Every structure is written in C-alpha cells, then in structure tokens.
Amino acid sequence: MLLPASHPLTAHATADSRLVRALRGDRPDVTPVWFMRQAGRSLPEYREVRGDGAMLDACLDPAIASEVTLQPVRRHGVDAAIFFSDIVVPLALAGVRVEIAPGRGPVFADPVRTGAAIAELTRIDPAVVAERAEPVAEAVRRTVALLADESERRGEPLPLIGFGGAPFTLAAYLVEGGPSKDHLAARRLLHEDPAGWDALLAWLAAVTGAFLAVQVEHGASAAQLFDSWAGALAPDDYRASVLPASRAALDPVRALQTADEQRIPLVHFGVGTGEILHDLAAAGVDAVGVDYRVPLWEASRRVGSHLTLQGNLDPALLFAPAPVREAAVARILRDGTTARAHVFNLGHGVPAEASPDVLGAIVDQVHAWRP
Ligand code: 1CP
C-alpha cells in the first residue's frame, strides 16, 4: 500500500534523520540515541500530565499521548520519539478485557488457557483494531505535528518510532492473566496444544500488526517489535513456534511504501535473547535490539554484518558514578563500530527511578563522540 506524500519520511525529511539513516545502514556523523521507555514513569512532567487516570485511558487520549511522547524529546535531546502507548492497547481495542494495574502491568480478566478460550478469542475479527484505532491515529498525527515544530527548533529531523508487542510477549500476559516471572503458562500451552497455540499467535500477529500499521500510516517513520520475553524460550521452540508469527506481525508494515518508494525501517528487540539474536534478525528487519548481556561486537558476529544494531547500556549503569557510566557508554560506542551501523540505546527500558539528568548526560556524550 502506498503512503500519502504527506508522510514524514517524504514530507518532513525524516528519511534524513540520524535514526532512519542508521537503521538503513548509513553511519551519520553523529550516532543517534533514544531510550526504550523514555516516555513516562521517570519524568516528573509525565506524572503531572497523567494524573490519577487509568493508563489505557491515557493511551487513548490523543492530547495526553502526544504530549507525553514529546516530553523526553524536549528534555533529553534524543534523536527520536517513541509513541506513548502500550503493547496491550490493540487487545483493548479488539474488546479483550485488560487493564494496566499501577506498579504491576497488564492484567487480563479472562486468561486464555484452553482450546475453548482460544476459539472464542480468535472469533474476533482482527480488522476491528483498525476500525477502532482513530484515537491512536489522531494521537500519532498530533505527535508528528509537534515533532515537526521541535525539529524546526533543533534544526534536525525527528522521527516517530511506532511499536507493538510481539505475539509471544503478548501471549505471555494473556495466557498467564498478568505479568509473570518465567512465563510458564504460555510456554506450557505451546507444548500442550500446539494447534491452539499457532491459532492464538496468528491472531495476536494480526492484531499487533494492525496496531503497527496504523501508527506508520499516520506518520511513524520506523517501527519496533518488542518481544521482551522471547529470551524465556528454547531456541528451537522460538524458531518453530514463535518466529513465524513475529514475522507475520511485521508484514502489514512491510507492505507499506512511501510515495518515493521507501520502505519503513524495522527493529526487533528482546531481553535475554543472546541465543536467538540470529533468529530475531531472520524476522526480516533492518536492525536488532540487543540487551546488555551480549557485547555489541559479539552481537555483530551473531547477527551478521548486514544489519544495524541497537543498544545496549545496562539500565543499572544509570545509577553508577559518572566516570563508571561514561566508560561503559564509550565502550558500547566503540563496540558499535563492529556493526554496519549503530543506534545507541539501553539494553532494556528506563527504570522508573532513573534520573532524567543522567539520561541527558548520556545523550550529550553519545552526540559528542566520533569514531
Ligand atoms: O501508569 C503508568 O505510567 C504505567 C507504566 C507504563 C507505561 C508508561 C506501562 C505499564 N506501559 C507504559 C508505556 C509503554 N509501554 C511504552 C511507551 C513509553 C516509552 O517507551 O517511552 C512502551 C514502548 C511500552 C511497551 C511495553 N509494555 C513492553 C515492551 C517493552 C519492555 O519494557 O519490555 C512491555 C513488556 C509492556 C507491558 C507493561 N506495561 C506496563 C508495565 C509496567 C509493563 C511490564 C510488566 C512486566 O514487567 O511484565
């Protein structure tokens, strides 16, 4: 499908942004940097805008979602915004009963653990996600307009990153009914009812794929698939029972093309995925997000030289003395030169307790660095 000529990759020159260039394999003079979970939790201005309302209501309020998305861009000077939303938003749009419990995460009223529950869920047509996604579309449009103003002020194009949860990570919550440590309920279902599992993952792929596509159609210039908990799987199980659904989740974005025939850069990230980095790459993406457990030089060897790497400062280092943190950032920048291109990030999300000043200092250090 052809995107309108007003899409930022064409109209706002986000194709020339440091982030999009690096994701496509270029090495801009300045290494791009953004932080997973940069919006929200760690910022006092977020807590002010959010108030006491429910998290999912905030995600579906275009004024709140767009403002919160911009906050870290203004404060830290990062090279991209990531859309303020949550991986379970498309499930809520599909009519699944889900809430985000404060301090806990997504909680489902009706865990999906049996063949009957899977059959009932998958009767919902994933097309309803796109039909009900107007608040998401409007939030993206507003965000892109705010980013255009901010780009003008900074003299640097600023892309919006859209995102979605990968089918396995969504299943890890949906089958368990909420957050869990080892995602045993989902891993058990995979082996207990392989046919039901495949049906569930195919449905989740369609739902999250629709959510990703809406964000890109309305102005996101890149998209990241978060398979946060894929590291809990044995590599053979990941390849046989999960990877095909993750690839399918990205298909709706892969099918999009800008008016000047550009594809949308795709990133695939998971935690504890050292053993399956090569498989994450095989989902058909431009970049692989690496957590902090594997140094980038080793990740380059595992992924191959045809992809960009994103990562991978241990979030715990945000609390280290400045010289220790600076040495770690410098090492990651050096290790990043072993990949075809590098996008600096943390190895997982910004912890709620992180100091905003430390994030700003990291942005300055990355921007000042030259290979
Ligand atoms: O009220 C609040 O502020 C709730 C905290 C919160 C926020 C700010 C949650 C609950 N989600 C979010 C926003 C969010 N979630 C974003 C946009 C903000 C940004 O990145 O800057 C994104 C990208 C996510 C994605 C997300 N949600 C992931 C994948 C990334 C990751 O951290 O691994 C996952 C696993 C979730 C589930 C989730 N949502 C919220 C929490 C606390 C959790 C994790 C629960 C758990 O530990 O299992």
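For the structure itself, look to the data block above.
Residues numbered from 1 in each chain as written. Predicted model: local features only at pLDDT ≥ 70, side-chain atom pairs only at ≥ 80, totals over all residues. Heavy atoms only, no water.

K.L.:
Describe the overall build of the protein, listing the residues and the values that go with them.
P.N.:
Each helix and strand in the protein was counted, giving 18 helices and 9 strands. Per-residue burial for the protein yields a buried fraction of 58% across its 371 residues. Put simply, 74% of the contacts in the protein that link residues at least 6 apart link residues at least 24 apart. The protein carries 34 positive and 45 negative side-chain charges, and their two centres are separated by 4 Å. (Helix = DSSP H or I, 4+ residues; strand = E, 2+ residues; numbered from the N terminus. Buried < 20%, exposed > 50% of the residue type's maximum accessible area, 1.4 Å probe, protein only. Contact = heavy atoms within 4.5 Å. Lys, Arg positive; Asp, Glu negative; His and termini not counted. Charge placed at Lys NZ, Arg CZ, Asp CG, Glu CD.)

K.L.:
With reference to specific residues and values, describe the pairing of strand E9 (residues 342–346).
P.N.:
The side chains of a regular strand alternate, residue by residue, between the two faces of the sheet. Across the 5 residues that make up E9, a large majority, 5, are buried. With burial as the criterion, each face of E9 is covered, one bearing His-342, Phe-344 and Leu-346 and the other bearing Val-343 and Asn-345. Where strand E8 (residues 308–313) and E9 come together, 5 bridges link them in parallel fashion. Bridged to Asn-312 within E9 is Asn-345. Crossover handedness for the path E8 to helix H17 (residues 322–336) to E9: right-handed. (Pairing = 2+ DSSP bridges. Right-handed = clockwise from strand over helix to strand, strands pointing away.)

K.L.:
Go over the sheet that holds strand E1 (residues 81–82), please, and point to the residues and values.
P.N.:
One open sheet accounts for 7 strands, arranged E1-E4-E5-E6-E7-E8-E9; its pairing is parallel. Edge positions in the sheet fall to E1 and E9, since each has one partner strand and no second. Relative to strand E7 (residues 287–289), strand E6 (residues 266–269) is paired through 3 bridges, and the arrangement is parallel. Across the sheet, the residue bridging to His-268 is Val-288, located in E7. The sheet contacts of helix H12 (residues 194–217) involve strand E4 (160–165) and strand E5 (222–226), and relative to E4 the element is tilted by about 170 degrees. (Axes fitted to C-alpha atoms, helices over the stretch in contact; angles between N-to-C directions.)

K.L.:
An account of the site of the ligand is needed here, citing residue identities and associated values.
P.N.:
The ligand sits among 24 residues. The nearest are Ala-39, Tyr-46, Arg-50, Tyr-173 and Ser-228. Measuring from an oxygen atom of the ligand, one finds a backbone N or O atom of Gln-38 at 2.9 Å. Within the contact set of the ligand, an oxygen atom lies 2.6 Å away from a side-chain nitrogen or oxygen of Tyr-173. Across the complex, the protein chains shield 87% of the 880 Å² of accessible surface that the ligand would expose by itself. When residues of the shell around the ligand are traced back to their parent elements, those giving at least two are helix H3 (44–50) and strand E3 (105–108). Grouping the amino acids of the shell around the ligand by side-chain chemistry returns 14 nonpolar, 5 polar and 5 charged. (Near = heavy atom within 4 Å. Polar contact = N/O pair within 3.5 Å; in protein donor to acceptor, adjacent residues only side chain to side chain. Areas by Shrake-Rupley, 256 points an atom, 1.4 Å probe, with all protein chains shown as cover. Nonpolar A, V, L, I, M, F, W, Y, C, P; charged D, E, K, R; others polar.)

K.L.:
Break down the packing of aromatic side chains for me, citing the residues and quoting the values.
P.N.:
Scanning the model with the defined rule gives 5 aromatic pairs in all. Here the aromatic rings of Tyr-46 and Phe-84 are separated by 5.6 Å at their centres, their planes lie at 55 degrees, and the arrangement is tilted. Here Tyr-46, found in helix H3, pairs with Phe-84, found in the loop between E1 and helix H6 (89–93); they are 38 residues apart in sequence, far enough to count as distant. An aromatic cluster is present here, built from Phe-163, Phe-211, Phe-226 and Phe-269 joined pairwise through their rings. (Phe/Tyr/Trp six-rings, centres within 6.5 Å; stacked < 30°, edge-to-face > 60°.)

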